[in-house]
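# Chains, contacts and geometry: an overview
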Amino acid sequence: MENKTKIIVTMGPSIEKYEVLLSLVKEGARGFRINFSHGDPSQWYNYINNLKSVEKELSIPLGIIGDLQGPNIRIGQLINQINLKKDDIVQFFYGNKSETNDIPLPYEEFFKTVERGDVIQLADGAIQLIVLETSPKSFIAKTIAGGVITSRKSISIKDKDIEIPYVTEKDERDIEFACNNDFSHLMASFVESKDNIFQLKELLNKKCNKQLNILAKIETKRGVYNVEEILKVADGIVVARGDLGTHFPMETLPTIQKDLISKSIVQGKPSIVATQLLSSMLNSPIPTRSEIVDIYNAVQESANALMLTNETSIGNYPIDAVRWLKKVIIEAEKNSAIVYPVKPIENSLAHRFALGISEFSRQLNAKISVYTKSGLTAQNISLYRPYGIIYAGVPDMHTARKLSIIWGVEPYVLAADSYENGLEKIRKVLISEGKLSKGDTLIETYRFKEGEVHTIKLVTV
Ligand SMILES: Nc1ncnc2c1ncn2[C@@H]1O[C@H](COP(=O)(O)OP(=O)(O)OP(=O)(O)O)[C@@H](O)[C@H]1O
Ligand SMILES: CC(=O)C(=O)O
């Protein structure tokens, strides 16, 4: 059985081998996030080559997603990891690299902002220190909550903002890398306004000959307050629970998650729920009960996709994590009270048509096949959460990769000289792959345009 809520995983040393990637896709992973805050272009290039080979071997298009660092402050490079225990005293200094237990921090602004008594948060707030003493290019802090610190961990000052430009020089270089290496999506970190998205789009227009979808990571107070204007211009949002947990009291996260997902449904944009879905599986092949319940709830709230982070990048059980995620998603979809819009999201013909096709699919327990040049018809139908999988024939790989992380959509790259011809080709592929079983009903259709004779075919296998 197929899951409709999509699975995205984060690339990293634990899953870099070809065989592991192959297994992850067989288990259900469809989107692969490369976090540009870690690793380097030669490592990312190897990841992409392997992903493209897996795509070819399995004939399954995969979303290639670059996560921009954005205006996020991270410590520099540590030669050795540092194990901080409660009450340990540590020095932070202005610099890129450290060979001792002092922590390098390559941002002058940070030293101008930090004051005695401030709380320093590292690694999404898991590690906390209190500042004892400051000087222009260093400060000393005492550990409140300890942990292991490795290179390039994120760092912030509790309840203080440090101003740096939204698109950094590093982001510009990484955007160029994404454009030149067939990425389908960019995740924009720390988005706080629609202007941040416009800035990225402008840069993409200059640097890219293809259009990449922009997924806005909502992770700060301003991001949450401005999510409606952000949703209007972004192609989707990420509920980035890691950083949200450092900017809001943690007990408010369930409300924020629900609110962000329902706002994305209202605006017809996909949402992705990320971080700590299966944290216990970093070191165990079996998840906890509470993780299962969390995943189940996110599916029923109608998240478009769920995203694993360190469980797959550095975890010990990446394949088991994806297997569990899929198992729970299928269970949640089976017993579903999944939320979906019962009225058209906008009063356009495209949306009324998409709602109608979804309703048709629910009434007939039918699967759907569409031929779509831009992918939009499939994406619109997905918003209304039909009963069956939406098999989408598209003319090119870039569009297929974009659709691969959309709820319920299974893309196929098929050249066709007409919509009807495209639909015939999809049906042949579905039959040869055994995707249609005896008794299945299939709705075949394509985009509806006023003034044309339009065919909606019902096929019973
Ligand atoms: N490409 C990579 N190479 C090596 N290690 C990686 C790579 N990507 C991720 N990691 C490791 O996996 C951890 C978790 O990955 P994740 O992408 O969630 O990082 P993060 O720094 O917590 O994320 P964010 O950018 O959202 O703050 C990272 O902290 C890092 O230690
Ligand atoms: C994914 C991510 O960036 C977060 O949860 O903060």
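Values in this document were obtained by computation on a predicted structure and should not be read as measured data. (Residues numbered from 1 in each chain as written. Chains lettered and ligands numbered in written order. Predicted model: local features only at pLDDT ≥ 70, side-chain atom pairs only at ≥ 80, totals over all residues. Heavy atoms only, no water.)

On to the domain arrangement of the protein, then. By the assigned domains, the protein splits into domain 1 (6–70 + 167–334), domain 2 (77–157) and domain 3 (349–460). Placing the centre of domain 1 and that of domain 3 at their C-alpha centroids yields a distance of 25 Å. Contacts between the two partners involve 29 residues from domain 1 and, on the opposite side, 16 residues from domain 3. Of the roughly 1700 Å² buried between domain 1 and domain 3, counting both surfaces, carbon and sulfur atoms make up 54%. The three residues of domain 1 that bury the most area against domain 3 are Lys6, Pro61 and Asn304, which together make up 32% of that side's buried surface. Across the pair arginine 401 and glutamate 55 runs a salt bridge, and its minimum N-O distance is 2.7 Å. Applying the counting criterion to the domain 1 and domain 3 interface returns ten residue pairs in polar contact (both at pLDDT 80 or more). Examining the composition of the side of domain 1 that touches domain 3, we find that three residues originate from one element, strand E3 (residues 63–67), more than from any other. Its residues assigned to classes, the side of domain 1 that touches domain 3 comprises twelve nonpolar, nine polar and eight charged. (Domains from an automatic or database assignment. Contact = heavy atoms within 4.5 Å. Buried area = accessible area lost by both parts, 1.4 Å probe. Salt bridge = Lys/Arg side-chain N within 4 Å of Asp/Glu carboxyl O. Polar contact = N/O pair within 3.5 Å; in protein donor to acceptor, adjacent residues only side chain to side chain. Helix = DSSP H or I, 4+ residues; strand = E, 2+ residues; numbered from the N terminus. Nonpolar A, V, L, I, M, F, W, Y, C, P; charged D, E, K, R; others polar.)

A few words on the sheet that holds strand E14 (residues 185–188). The strand order E1-E2-E3-E14-E15-E16-E17-E18 describes a closed barrel built from eight strands, whose pairing is parallel. Between one strand and the next, the sheet's axes are offset by a mean angle of 25 degrees, whatever the strand orientation. Here E3 pairs with E14 via three bridges, running parallel. For glycine 66, the partnering residue across the bridge sits in E14 and is leucine 186. The strands touched by helix H12 (residues 318–334) are strand E1 (6–10), strand E2 (29–35) and strand E18 (305–307); relative to E1, the strand with the most contacts, the crossing angle is about 160 degrees. (Pairing = 2+ DSSP bridges. Axes fitted to C-alpha atoms, helices over the stretch in contact; angles between N-to-C directions.)

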